[in-house]
Amino acid sequence: MLGYVCKYTPVELLEAMGAEPVRIQPAVTSFNHADALMHPNVCSYAKAVLEVMAEGGYEGIVLTSCCDAIRRLEDVLKEQYPEKFIYMLDVPRKVNDFSIGIYRKRILELADAYSAFSGKVYSREALIEILERERESARINAAGEKPDKLRVGIIGARCPETVKTLVEDNGGKVVFDISCTGTRREEALAPYLGSISRESTDPEGILSSALLSQLPCLRMADARGRSDFIAGFGNEIDGIIYHTVKFCDVYSFEYMQMKKDSQVPILKIETDLTPQCSGQIKTRVEAFMESLAAMRGTTEKKIAGKAAESEMFYVMGIDSGSTSTNAVIMDKDKKIVASAVIRTGAKSADSAVRAAKQVLDESGISENDIAMTVSTGYGREAITAAGKSVTEISCHAKGARYFNKDVHTILDIGGQDSKAIRLDDAGEVADFVMNDKCAAGTGRFLEAMARTLEVDISELGPISFESSKEVSISSMCTVFAESEVISLIAQNTEKADIARGVHRSIAGKSVSLMKRVGLVPGFMMTGGVARNKGVVKEIEEALGAKIYITEDPDIVGAVGAALSALEQVEK
Amino acid sequence: MNIARTYGNIVRKKLESDPVKAGKLIRKGLHLEGFRVKHLSDKRIPAGYKYLNYKGITVVADALDDPEHCAWTNIFAPVEILQNFGLTSVSMEALASYLSGFYLEDYFIDRSESCGIASTLCSYHKNFIGAAEAGVLPVPAAAVTTTLACDANVQSFRYINDIFNIPTYMIDIPHEYSEESLSYVSGQLRELICMLEDITRRKFSEERLREAVARENETKKYFLSFLDKRQRHEYPNTLTLVLFQLFATHLSIGEEWPLEAFRMMDEEIEAYPESGQKRLFWIHLLPYAQMALREYLNFGGDINVTCGDFDLDYIEEMDADHPVDAIARKMILNIYNGGFERKADAIADMIRKYDPDGVVEFCHWGCSQSSGGVMLMKEKVRETGKPMLILDGDAVDRRNSPDGQIKTRFEAFLELLGKGGETA
């Protein structure tokens, strides 16, 4: 097997030499090798490829000069595996006759190098045959289906298979995937292989031209073809998932531009290609698919009448968060009968059972009277008693509108993540973003700071109002912010001033998050951190607007889950 | 009182409500800094550095005042060609550093992140894009960048082009030198020349370019001679002054003033006493704003940065008779282009030549060029027998560069240098 990582690799030429080129799509669980050989702040894909090479099985790898990280990967691989075929192919960024000529020469140099390494010989006839086959197979596949499913396009850097599976598991169909090596080879090249025939005297030139002419990736000097490609789909797509890899320099720019221009909803996700980040991705993709379905009108809309007239019944919503588990019982008239908030223990399922028991006890309603339970939150899928699970994004949206019809922008700060959600006038999720894999700006951050200041988390808000001096906590990282706070304590800075600095730091992060969905007036804050009046004050100051907060901000997600349950029953 | 921070706070108040006014204040601030450097700067600063510092500031301030004769570039752009059309190069790295000098980087970086730019991207670029988005930068006549060393350039400049519709040219630099790659790059430079003729309505003068390249050769001669002397003589400096050398070795090279600055430095240094200081060789970016490092290295009595690879990324004499090809060759053979091994070998050679007491590499947040290759670099430096310190931080965003941690590492390195240790 000879690995490759980039769509500009002349795979067909390698096949024509009898090589077995394999696209490397890593799914690694750790970066043990890579972190020792490369700096931690390097693109996760490059590090994952290094892990794959360390596992063995590949005779070598053909890399391209696609980005700095891959160039550095070459340096490390060459050093580590001198016996393997590690080849760097320099791909021009411009497409013109001159660069096609240069590229033709370079791919033939690759063939020579591989020949010297493996003893295999390049056959021009074989290349012609492969290119012809590729062109024909694209024709056969062109007769595509038009699914009734939600049509999703994937763009960006190196999208892992798990994302596509998530789309498909949630009622979607991936219409196109133009992330790095996502496009099927024959579809990418076939349009440029028209002239290939048995009589072709320069199939290498045709291949070089086809490779450079395909839909450009963002490293190319002229990448306008990308927006044309997407525009070509018009209304044929329901949504776009924009995938980037941590420490990838290339792709977020396009997202920024698309976000401004696109009529189609876009979800941006960033992964490090490990299964560990699949939990967060799962919530985001599911919530996105829920919102696309809602826009298309395929959600289970409530049917008034039948159920409303029947006898009284109840539903339960359970929000299983990382810090607290919240349960709400609601009657058929959407009245909250009882609610419970308990601290999440080591097992989220056990905490859910306890929360459910507590809310049942409080309401005096028996479990048998609960017509439907919907779970939401981080641990939603571990709750076996729930008939259905819905993401917290959709639940917070529903819950927010339940309390206040004018809400358009929600900031939810939970224990381990924070999110900003924008609602359209109908109350459906129009856009949302979540913080990255970092505790900065979350409840955990506040807990850590309270611990360092040796005050109870509930006191942090009140004491900050006594602040008389501005202190700034500048670090973006919880761990470093903690050491900053320790230095401030060492300098005898007042606790009140530090607490206010901590709140300002959270407010700054939060407002940045909210800006990313657009600051549409009608602000609401949900989640446990909304209880901290110091944080709320700072966010209000940063926004220059009032924020609506319910009496019990912890239960908004659970209320949303109960409303979802009600919709299910009424259906 | 920190004047720059106080002034920055005044600018900050205008950023949201009146970005054009904020932009004017930034330019005014640069002029004031130019005045301060010329008339009120620290008496310890040698005249040569003072001149270099003054020019580095006023060149940018003047260019921002006159955007029609200014081009946004990156540090590796062919500035000699831009000069030919009366265009001053203002690099996005320099702009980002100046904004950080006014303590405004947090605002601009947050601004670009809230637009969707990845938080892991290099903060020079985030700072620059945020400032462009905020509307504080006057729109220049053109933008010119290269693919050399840094991926983010292509993306940042494309993005800027999309916002402002500035005529933009990107020069694609192949990794390896060959006749074809030389023709490929020369061809692009000629295309750039045509574009600039159109924009500026001025005729290209090959003769002037020859003169500029000849001047460039002479400038480098003085600089190299200065560096040789610098390894023996004292010549008080600060991290900021070392950083400013980049204006003379890159952004303004080919003009008269860098030649004058290095000539002054080369002559002046001879009057300074022989030095018993420890000397550091600095790899890649200089975090001039890092307090812990300033404390030790600005006018450091015991330890000084006396040399760095960035100023020496291409020192070959250029063929002034064929200036376009010479500039193309300079870009392809820049040590930052192509495989890291070549760069690491070149740097190891510089270390052998200048024989410093220690080597420091600062891995700037989001920079694959430094972070990606630092492990190999360390191996190469080990072969030279010199101790090396690797620092992780952010040269632009103060919030992302924990001073305490850097201080501890740096102090430990100093202790090690004192004992003649090998590595850190």
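Residues numbered from 1 in each chain as written. Chains lettered and ligands numbered in written order. Predicted model: local features only at pLDDT ≥ 70, side-chain atom pairs only at ≥ 80, totals over all residues. Heavy atoms only, no water.

### Re the overall build of chain A
Part 1 of the argument: Helix and strand counts for chain A come out as 21 helices and 18 strands.
Part 2 of the argument: Taking 571 residues into account, the globule formula puts the C-alpha radius of gyration at 25 Å, and chain A, at 27 Å, falls close to it.
Part 3 of the argument: Overall, the C-alpha framework of chain A stretches about 85 × 65 × 40 Å when taken along its three principal axes.
Part 4 of the argument: Here chain A holds 571 residues, and the buried ones make up 59% of them.
Part 5 of the argument: Across chain A, every contact between residues at least 6 apart in sequence was considered, and the portion connecting residues at least 24 apart equals 67%.
Part 6 of the argument: Put simply, chain A shows about 23,000 Å² of open surface, and 50% of that area lies on carbon and sulfur atoms. (Helix = DSSP H or I, 4+ residues; strand = E, 2+ residues; numbered from the N terminus. Rg over C-alpha atoms; globule rule 2.2 N^0.38 Å. Buried < 20%, exposed > 50% of the residue type's maximum accessible area, 1.4 Å probe, protein only. Contact = heavy atoms within 4.5 Å. Areas by Shrake-Rupley, 256 points an atom, 1.4 Å probe, with all protein chains shown as cover.)

### A short note on the domain arrangement of chain B
How big an interface is tends to be stated in terms of the accessible area lost upon association of its parts.
Residues and elements named next belong to chain B.
Part 1 of the argument: Annotation of chain B at the domain level lists domain 1 (3–205) and domain 2 (207–419).
Part 2 of the argument: Spacing between the C-alpha centres of domain 1 and domain 2 amounts to 21 Å.
Part 3 of the argument: Contacts between the two partners involve 66 residues from domain 1, matched on the other side by 59 residues from domain 2.
Part 4 of the argument: Carbon and sulfur atoms make up 65% of the surface buried where domain 1 meets domain 2, a total of about 5,300 Å² over both sides.
Part 5 of the argument: Summed over the three residues of domain 1 that lose the most area to domain 2, namely Tyr49, Leu52 and Glu80, the buried surface amounts to 14% of that side.
Part 6 of the argument: Scanning the region where domain 1 abuts domain 2 turns up three salt bridges.
Part 7 of the argument: At the boundary of domain 1 and domain 2, one finds 20 residue pairs in polar contact (both at pLDDT 80 or more).
Part 8 of the argument: Those elements that provide at least two residues to the side of domain 1 that touches domain 2 are helix H3 (47–65), helix H4 (79–84), strand E2 (88–91), helix H5 (92–101), helix H6 (105–114), helix H7 (123–134) and helix H9 (179–200).
Part 9 of the argument: Examining the composition of the side of domain 1 that touches domain 2, we find that eleven residues originate from one element, H3, more than from any other.
Part 10 of the argument: Of the residues contributing to the side of domain 1 that touches domain 2, the split by class is 33 nonpolar, 21 polar and twelve charged. (Domains from an automatic or database assignment. Buried area = accessible area lost by both parts, 1.4 Å probe. Salt bridge = Lys/Arg side-chain N within 4 Å of Asp/Glu carboxyl O. Polar contact = N/O pair within 3.5 Å; in protein donor to acceptor, adjacent residues only side chain to side chain. Nonpolar A, V, L, I, M, F, W, Y, C, P; charged D, E, K, R; others polar.)

### Details of empty space enclosed by the protein
Part 1 of the argument: Applying the stated criterion across every chain yields a total of six cavities of 30 Å³ or more.
Part 2 of the argument: In this model, the largest cavity occupies a volume close to 250 Å³.
Part 3 of the argument: Lining the largest cavity are 24 residues; nearest its centre among them are Cys66(A), Cys67(A), Arg158(A), Cys180(A) and Tyr251(A).
Part 4 of the argument: Looking at which element gives the most residues to the lining of the largest cavity, the answer is helix H4 (residues 68–80) of chain A, with three residues.
Part 5 of the argument: Each residue belonging to the lining of the largest cavity can be placed in one class, and the counts come to 17 nonpolar, one polar and six charged.
Part 6 of the argument: Of the volumes computed, that of the second largest cavity is approximately 160 Å³.
Part 7 of the argument: Taken together, 18 residues line the second largest cavity, and the ones lying closest to its centre are Thr249(B), His250(B), Asp313(B), Lys330(B) and Asn334(B).
Part 8 of the argument: With three residues, helix H10 (residues 206–230) of chain B is the largest single contributor of residues to the lining of the second largest cavity.
Part 9 of the argument: When the residues that make up the lining of the second largest cavity are grouped by side-chain class, the tally is eleven nonpolar, three polar and four charged.
Part 10 of the argument: Taken domain by domain, the makeup of the lining of the second largest cavity includes at least three residues from each of domain 1 (3–205) and domain 2 (207–419) of chain B. (1 Å grid on protein atoms, 1.4 Å probe; cavity = no way out; pocket = protein on both sides within 12 Å on 5 of 7 lines; lining within 4 Å. Points joined across faces, edges and corners; volume = space filled by probe spheres on them.)

### Points about the environment of Arg185(A)
All names here are of chain A.
Part 1 of the argument: Turning to its location among the elements, arginine 185 is positioned in helix H8 (residues 185–189).
Part 2 of the argument: With residues up to four places along the chain from it excluded, the contact list for arginine 185 reads Lys7, Thr9, Pro10, Val11, Glu12, Glu134 and Leu211.
Part 3 of the argument: Side-chain polar atoms of arginine 185 contact the backbone oxygen of lysine 7, separated by 3.1 Å.

### Quick look at helix H8 (residues 152–164) of chain B
Part 1 of the argument: Between its first and last C-alpha, H8(B) extends 18 Å over 13 residues, near the 18 Å set by a 1.5 Å rise per residue.
Part 2 of the argument: Among all positions in H8(B), only Ala152(B), Asn153(B), Val154(B), Gln155(B), Ser156(B), Phe157(B), Arg158(B), Tyr159(B) and Ile160(B) are buried.
Part 3 of the argument: Where the residues of H8(B) are buried, they touch helix H11 (252–261) of chain A together with strand E1 (70–73), H5, H7, strand E3 (142–146) and strand E4 (168–171) of chain B.
Part 4 of the argument: Backbone geometry just downstream of H8(B) places Asn165(B) in the positive-phi region, at approximately 60 degrees. (Expected span 1.5 Å × (residues − 1).)

### What about a negative patch on the surface?
Part 1 of the argument: Together, Glu317(B), Asp319(B), Asp321(B) and Asp325(B) make up a region of like negative charge exposed at the surface.
Part 2 of the argument: Counting through the fold element by element, Glu317(B) comes out in the loop between strand E6 (303–308) and helix H14 (323–332). (Patch = residues over 30% accessible without salt bridge, like charges linked within 9 Å, V, L, I, M, F, W, Y side chains within 5 Å. Lys, Arg positive; Asp, Glu negative; His and termini not counted. Charge placed at Lys NZ, Arg CZ, Asp CG, Glu CD.)

### So, the environment of Glu12(A)
All names here are of chain A.
Part 1 of the argument: The topology assignment puts glutamate 12 in helix H1 (residues 11–15).
Part 2 of the argument: Residues glutamate 12 and glycine 527, spaced 515 residues apart in sequence, show a C-alpha to C-alpha distance of 54 Å.
Part 3 of the argument: Ignoring sequence-local partners within four residues, the contact set of glutamate 12 consists of Leu127, Ile130, Leu131, Glu134, Arg185, Leu189 and Leu207.

### As for the side chain of Gln290(B)
Residues and elements named next belong to chain B.
Part 1 of the argument: With respect to the helices and strands, the residue glutamine 290 is situated in the loop between strand E5 (278–283) and helix H13 (291–297).
Part 2 of the argument: Reaching out from glutamine 290, the side chain makes a polar contact with the side chain of serine 401 at a distance of 2.8 Å.
Part 3 of the argument: Among residues more than four places away in sequence, those in contact with glutamine 290 are Asp394, Ser401, Pro402, Asp403 and Ile406.

### Brief notes about the sheet that holds strand E8 (residues 266–271) of chain A
Residue and element names in this part refer to chain A.
Part 1 of the argument: Taken together, four strands build an open sheet; the order of strands is E6-E5-E7-E8 and the sheet is parallel. Edge positions in the open sheet fall to strand E6 (172–177) and E8, since each of these has one partner strand only. Taking the axes of each pair of neighbouring strands and ignoring which way they run, one obtains an average angle of 30 degrees across the sheet.
Part 2 of the argument: Here strand E7 (residues 239–245) runs beside E8; their pairing, made up of six bridges, is parallel. Counterpart to histidine 243 in the pairing with E8 is isoleucine 269.
Part 3 of the argument: In this fold helix H7 (residues 161–169) packs onto strand E5 (150–156), E6, E7 and E8, with an angle of close to 140 degrees to the strand it touches most, E6.
Part 4 of the argument: Against the sheet, helix H12 (residues 278–296) contacts E5, E6, E7 and E8, and its axis sits at roughly 170 degrees relative to E8. (Pairing = 2+ DSSP bridges. Axes fitted to C-alpha atoms, helices over the stretch in contact; angles between N-to-C directions.)

### Quick word on the interface of chain B and chain A
Part 1 of the argument: Chain B puts 58 residues into the contact, and the matching count from chain A is 54 residues.
Part 2 of the argument: For the pair chain B and chain A, the summed buried surface comes to about 4,500 Å²; carbon and sulfur atoms form 56% of the total.
Part 3 of the argument: Joining chain B to chain A, the criterion identifies three salt bridges.
Part 4 of the argument: Taking the shortest distance from any N to any O, the salt bridge between Asp151(B) and Arg71(A) comes out at 3.4 Å.
Part 5 of the argument: Joining chain B to chain A, the criterion identifies 14 residue pairs in polar contact (both at pLDDT 80 or more).
Part 6 of the argument: At the level of elements, H6, H7, H8, E4, H9, helix H15 (340–354) and helix H16 (368–384) of chain B are the ones that each hand at least two residues to the side of chain B that touches chain A.
Part 7 of the argument: In terms of residue count, H16(B) provides more of the side of chain B that touches chain A than any other element does, nine residues in total.
Part 8 of the argument: A breakdown of the residues in the side of chain B that touches chain A according to their chemical character gives 21 nonpolar, 21 polar and 16 charged.

### Section: the sheet that holds strand E17 (residues 523–526) of chain A
All names here are of chain A.
Part 1 of the argument: With mixed pairing, five strands are arranged side by side in an open sheet as E16-E15-E14-E17-E18. Since the sheet does not close on itself, it has two edges, and those belong to strand E16 (429–434) and strand E18 (547–548), each with one partner.
Part 2 of the argument: Relative to E18, E17 runs parallel, the two sharing two bridges. Note that in E18 the partner of methionine 524 across the bridge is tyrosine 548.

### Thoughts on the pattern of salt bridges
Part 1 of the argument: Scanning the entire structure with this criterion turns up 64 salt bridges over all chains.
Part 2 of the argument: Across the pair Arg380(A) and Glu392(A) runs a salt bridge whose closest N-O atoms are separated by 3.4 Å. Here Arg380(A), found in the loop between strand E12 (370–376) and strand E13 (388–389), pairs with Glu392(A), found in helix H15 (residues 392–403); they are twelve residues apart in sequence, far enough to count as distant. For the residue pair Arg380(A) and Glu392(A), the accessibility class agrees, reading buried in each case.
Part 3 of the argument: Two residues, Lys229(B) and Glu270(B), come together in a salt bridge whose shortest N-O distance is 2.7 Å. In this pair, Lys229(B) sits in helix H10 while Glu270(B) sits in the loop between helix H12 (256–268) and E5, placing the two residues 41 residues apart along the sequence.

### Some thoughts on the packing of aromatic side chains
Residues and elements named next belong to chain A.
Part 1 of the argument: By the definition in use, this model includes 30 aromatic pairs over all chains.
Part 2 of the argument: Here the basic side chain of lysine 47 rests over the ring of phenylalanine 31, its NZ or CZ set 4.8 Å away from the ring centre.
Part 3 of the argument: Across the ring face of tyrosine 45, the terminal group of arginine 158 is positioned such that the distance to the ring centre comes to 3.8 Å. (Phe/Tyr/Trp six-rings, centres within 6.5 Å; stacked < 30°, edge-to-face > 60°. Lys NZ or Arg CZ within 6 Å of the ring centre and 35° of its normal.)

### Considering a positive patch on the surface
Residues and elements named next belong to chain B.
Part 1 of the argument: On the surface, Lys14, Lys21, Lys24 and Lys28 cluster together into a positively charged patch.
Part 2 of the argument: Of the residues forming the positive patch, the biggest block, three residues, is contributed by helix H2 (residues 19–39).
Part 3 of the argument: Mapped onto the elements of the fold, lysine 14 is located in helix H1 (residues 3–15).

### What to know about the pairing of E7(A)
All names here are of chain A.
Part 1 of the argument: Among the seven residues of E7, seven are classified as buried, and the element is accordingly described as predominantly covered.
Part 2 of the argument: In E7, alternate side chains face the same way, and those of Gly239, Ile241, His243 and Val245 on one face and Ile240, Tyr242 and Thr244 on the other are all buried.
Part 3 of the argument: Strand direction decides the pairing type here: E5 and E7, joined by five bridges, are parallel. Its bridge partner lying in E7, glycine 153 is registered against isoleucine 240.

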